[in-house]
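Close look at the chain arrangement
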Amino acid sequence: MSLSHMAGHTRRVVLLGAAAATLSGCSLLSRDQVAVVDETPVLQPVLDFAADQIARLTAAVDGGAPNDATLVMLRDNHLAHAGELARIIGVDVPEGSADVDGDLLPTLNRLEAEGTQQATDACLETTPEFAVLLGEIAACRASHSDVLGAIGG
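These notes cover the structure that comes with them. One numbering rule holds for all chains: residues counted from 1, following each sequence as written. Where local features are concerned, this predicted model is filtered to residues with pLDDT of at least 70; where side-chain atom pairs are given and counted, the filter is 80 or more; whole-chain, interface and lining totals use all residues. Side-chain measures were taken over the full set of non-hydrogen atoms in the model, leaving aside hydrogen atoms and water.

Here we take up the overall build of the protein chain. The way it works is that DSSP assigns letters per residue, a run of H or I at least four long becomes a helix, a run of E at least two long becomes a strand, and they are numbered from the N terminus. Helix and strand counts for the protein chain stand at six helices and zero strands. Listed by position from the N terminus, the elements making up the protein chain come as α-α-α-α-α-α. Scored against the burial criterion, the 153 residues of the protein chain give a buried share of 39%. Of the contacts made within the protein chain by residues no fewer than 6 positions apart, 81% connect residues no fewer than 24 positions apart. Where accessible areas are quoted, they stem from the Shrake-Rupley method and a 1.4 Å probe; at the residue level, only the protein chains shown are allowed to cover. For the protein chain, the exposed area adds up to about 7900 Å²; of that, 57% sits on carbon and sulfur atoms. Whether a residue is buried, partly exposed or exposed follows from its accessible area with a 1.4 Å probe, protein chains only, as a fraction of its type maximum: under 20%, in between, or over 50%, in that order. Contact between two residues is taken to exist if any of their heavy atoms lie within 4.5 Å; hydrogens are not considered.

Pasting the structure below:
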């Protein structure tokens, strides 16, 4: 596809493409990329959410929650996203809050749905160099919500 054909694509198209790539197991980011400064204030809240989900999922697994292998997989996804976001921003991954109000799986599911919307909004608000990463994160969080719903959330 030529660049002239791509010029009309919106961030929504980029987001959908990133979602498809993420769900197919394809990572669109290279670990060799250099850190870039985020000119928009959207990456830090996405990182903070990931840190909180890491803490919540870790506490759930450590507390003997059912489906622990699935929860570990979800946590590991958040760990990967948090690591990449922290690298880009130039900070350490923050210590998240493990607080969960209500039943564990339904609350985690609700939070993943909120996190999906957060990452989607961030994708649409950010500069093009961060849109793919945020699209991947949004797609991954949406799949987390689906998984949590399937196991009782």
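Turning our attention to the packing of helix H3 (residues 43-62) against helix H5 (residues 104-125). Where helices are involved, their axes are fitted lines through C-alpha atoms of the stretch in contact, as for all axes, and angles between N-to-C directions lie from 0 to 180°. Closest axis-to-axis distance for the H3/H5 pair is 10 Å, and the angle between their directions is 165 degrees. Relative to H5, the element H3 is oriented roughly antiparallel. Between H3 and H5 lies a crossing whose hand is left-handed. Across the interface between the two elements, Pro45, Val46, Phe49, Gln53, Arg56, Leu57 and Ala60 from H3 touch Leu104, Leu108, Leu111, Glu112, Gly115, Gln118, Ala119 and Ala122 from H5. Broken down by class, the residue content of the contact of H3 with H5 amounts to ten nonpolar, three polar and two charged. By definition in this entry, angles of less than 35 degrees are roughly parallel, angles greater than 145 are roughly antiparallel, angles of 65 to 115 are roughly perpendicular, and the rest are oblique. By definition, turning the near helix anticlockwise from the far helix through less than a right angle yields a left-handed crossing, and turning it clockwise yields a right-handed one. Each residue is assigned to one of three groups, with Ala, Val, Leu, Ile, Met, Phe, Trp, Tyr, Cys and Pro labelled nonpolar, Asp, Glu, Lys and Arg labelled charged, and all others, Gly among them, labelled polar.

Moving on, we get to helix H6 (residues 128-150). For a helix, the expected span equals 1.5 Å multiplied by the number of residues minus one. Here H6 spans 34 Å end to end across 23 residues, near enough to the 33 Å set by a 1.5 Å rise per residue. Just beyond H6, the residue with positive phi is glycine 152, at close to 115 degrees.

For the rest of this paragraph, the subject is the pattern of salt bridges. Basic side-chain nitrogens of Lys or Arg form a salt bridge, by our definition, when they fall within 4 Å of a carboxyl oxygen of Asp or Glu. For the structure shown, the criterion picks out three salt bridges. Among the salt bridges present, the one from arginine 75 reaches aspartate 76, with a minimum N-O distance of 3.5 Å. Relative accessible area serves as the criterion here: at 17%, arginine 75 is assigned to the buried category. The partner of glutamate 84 in a salt bridge is arginine 87, with the nearest N and O atoms 2.7 Å apart. Taken together, the residues span about one helical turn, with glutamate 84 and arginine 87 both in helix H4 (residues 68-89) at a distance of three residues. Looking at glutamate 84, the relative accessible area reads 4%, which means it is buried.

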